[in-house]
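Below, each chain spelled out in residue letters.
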Amino acid sequence: LLAFDSVKICKTKKKTVGGYIMNEMPHIHYNVEMNALIFSPKIGMRLSGVVNELFPSHVSVLIHSFFNATVSADHLRKAGYTFDADTFEWITERSRGSINGNSSNELSLEDEVSFTVDTLHECAGIMSMEGSKLQIVC
C-alpha cells in the first residue's frame, strides 16, 4: 500500500455508523471504503527506475524513489557489460570504441533503466527485488 485517500466509514450490519469489538480484543474495528494505490510487482514484470549505486558485484536501482532492486554482475556481463574500475561504471564494448563516449552504452548514477523482475524479497514489510535484462531508457 503506497497511498490512500477518500476514506469513509461504512455502516455496520445494524445499519449504524460505528465500530465493533471482536473476540474481546482491545481494538475497535471499522469497515471502511477508500481509494488505494498499491505496488504489487510480479516475477517476469518489466519495471523502470533510477540507478542509485554501481558496484563491481551489482547495480542498484531505485523504483518509485522507495523500492530497491539489484541486477547482478553476472546478468550485466551476459548483456555485454564490463565494469570499469577507473570510472566506476558498467560499459559495453561499443562504448569503449566510441568518440567522446556514448552515454546510451554506459551505466552511470542517475541513469533511468528498465529491467525484468526475477526474484521478490520482503523483510519487515519492505520489499526488494532482483532483476535481469537491464536496459538503459533513452
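Given the structure is predicted, the values throughout are model-derived calculations rather than measurements.

Colleague: Got a minute to help me understand the overall build of the protein in this structure?
Modeller: Counting its regular elements, the protein contains 2 helices and 12 strands. Counted from the first residue to the last, the protein has its helices and strands arranged as β-β-β-β-β-β-β-α-β-β-α-β-β-β. Here the C-alpha atoms of the protein give a radius of gyration of 22 Å, more than 25% beyond the 14 Å that 2.2 N^0.38 yields for 138 residues. C-alpha extents for the protein along the principal axes are approximately 75 × 25 × 25 Å. Across the 138 residues of the protein, 29% fall into the buried class. Within the protein, contacts between residues separated by at least 24 positions form 49% of all contacts whose residues are at least 6 apart in sequence. Counting only carbon and sulfur atoms, one obtains 54% of the accessible surface of the protein, whose full area is about 9,500 Å². On the protein, the mean spot of the 12 positive side-chain charges and the mean spot of the 16 negative ones are 16 Å from each other.

Colleague: Where do I start with the environment of Ser65 in this structure?
Modeller: One can find Ser65 in the loop between strand E6 (58-63) and strand E7 (67-72). A C-alpha to C-alpha distance of 8.2 Å links Ser65 and Val50, two positions 15 residues apart in sequence.

Colleague: Any chance you could explain the sheet that holds strand E5 (residues 46-54) here in plain terms?
Modeller: Two modes of strand pairing occur in sheets, parallel and antiparallel, and in both the strands are linked by backbone hydrogen bonds. The strand order around the closed barrel formed by 5 strands is E5-E6-E7-E12-E11, and the pairing between neighbours is mixed. In this sheet, adjacent strand axes meet at a mean angle of 50 degrees when their direction is disregarded. Examined bridge by bridge, E5 and E6 share 4 bridges and lie antiparallel to one another. Following the sheet pairing, Leu54 is matched in E6 by Val59.

Colleague: For this particular structure, what's the right way to read a nonpolar patch on the surface?
Modeller: Taken together, Leu1, Phe4, Val7, Ile9, Val17, Ile21, Ile28, Tyr30, Val32, Met34 and Ile38 make up a surface patch of nonpolar side chains, about 1,100 Å² in accessible area. Only strand E1 (3-9) and strand E4 (32-37) provide two or more residues apiece to the nonpolar patch. Looking at the nonpolar patch, the element that brings in the most residues is E1, giving 3 residues. Considering the arrangement of structural elements, one finds Val32 in strand E4.

Colleague: Where do I start with the pairing of E5 in this structure?
Modeller: Moving residue by residue along a regular strand, the side chains alternate between the two faces of the sheet. Of the strand pairs in this sheet, E5 and strand E11 (residues 112-123) are connected by 5 bridges, and their pairing is antiparallel. Across the sheet, the residue bridging to Val50 is Glu112, located in E11. Counted along the chain from E5 to the antiparallel partner E6, the turn is 3 residues long.

Colleague: Sorry, what's going on with the environment of Tyr30 here?
Modeller: Relative to the helices and strands, Tyr30 resides in the loop between strand E3 (28-29) and E4. Taking the C-alpha atoms as reference points, Tyr30 and Ser48, 18 residues apart in sequence, are found 37 Å from one another. The residues contacting Tyr30, other than those within four sequence positions of it, are Ile9, Gly18 and Gly19.

Colleague: Would you explain the pairing of strand E9 (residues 89-92) in this entry?
Modeller: Across the two faces of E9 the burial is the same, with Glu89 and Ile91 and Trp90 and Thr92 all buried. With 4 bridges connecting them, strand E8 (residues 81-84) and E9 associate as antiparallel partners. Looking at the pairing, Asp84 lines up with Glu89 of E9. Following E8, the chain reverses through 4 residues before pairing antiparallel with E9; Phe88 in that reversal takes a positive phi of roughly 55 degrees.

Conventions adopted
- Just so you know, the residues in each chain are numbered from 1, in the order the chain's sequence is written.
- Local features in a predicted model are, by the rule used here, given only for residues with pLDDT of at least 70; side-chain atom pairs are given and counted only at 80 or more, and totals for whole chains, interfaces and linings are based on all residues.
- As a convention, hydrogens and water are excluded, and side-chain values are obtained from all of the structure's heavy atoms.
- A helix here means a DSSP run of H or I that spans at least four residues, while a strand means a run of E at least two residues long, and both kinds are numbered starting from the N terminus.
- Note on method: radius of gyration uses C-alpha positions; expected globular size equals 2.2 Å times residues raised to 0.38.
- The cut-offs for exposure are 20% and 50% of the maximum accessible area for each residue type, with area from a 1.4 Å probe on protein chains only; residues under the lower value are buried, those over the upper are exposed, and the others partly exposed.
- Between two residues, a contact is recorded if the distance between any of their heavy atoms is within 4.5 Å.
- Only the protein chains shown count as cover for residues, and all accessible areas are computed by the Shrake-Rupley method using a 1.4 Å probe.
- Working convention for charge: Lys and Arg count positive, Asp and Glu count negative, and His plus the chain ends are omitted.
- By convention, the charge on Lys lies at NZ, on Arg at CZ, on Asp at CG and on Glu at CD.
- Strands were regarded as paired on the criterion that DSSP finds at least two bridges between them.
- Between the N-to-C directions of two axes lies an angle of 0 to 180 degrees, each axis being a line fitted to C-alpha atoms and, for a helix, fitted only over the stretch in contact.
- Put simply, a patch holds well-exposed residues, over 30% relative accessible area, that have no salt bridge, with like charges counted together within 9 Å and Val, Leu, Ile, Met, Phe, Trp or Tyr side chains within 5 Å.
- A pairing counts as a salt bridge when a side-chain nitrogen of Lys or Arg comes within 4 Å of a carboxyl oxygen of Asp or Glu.

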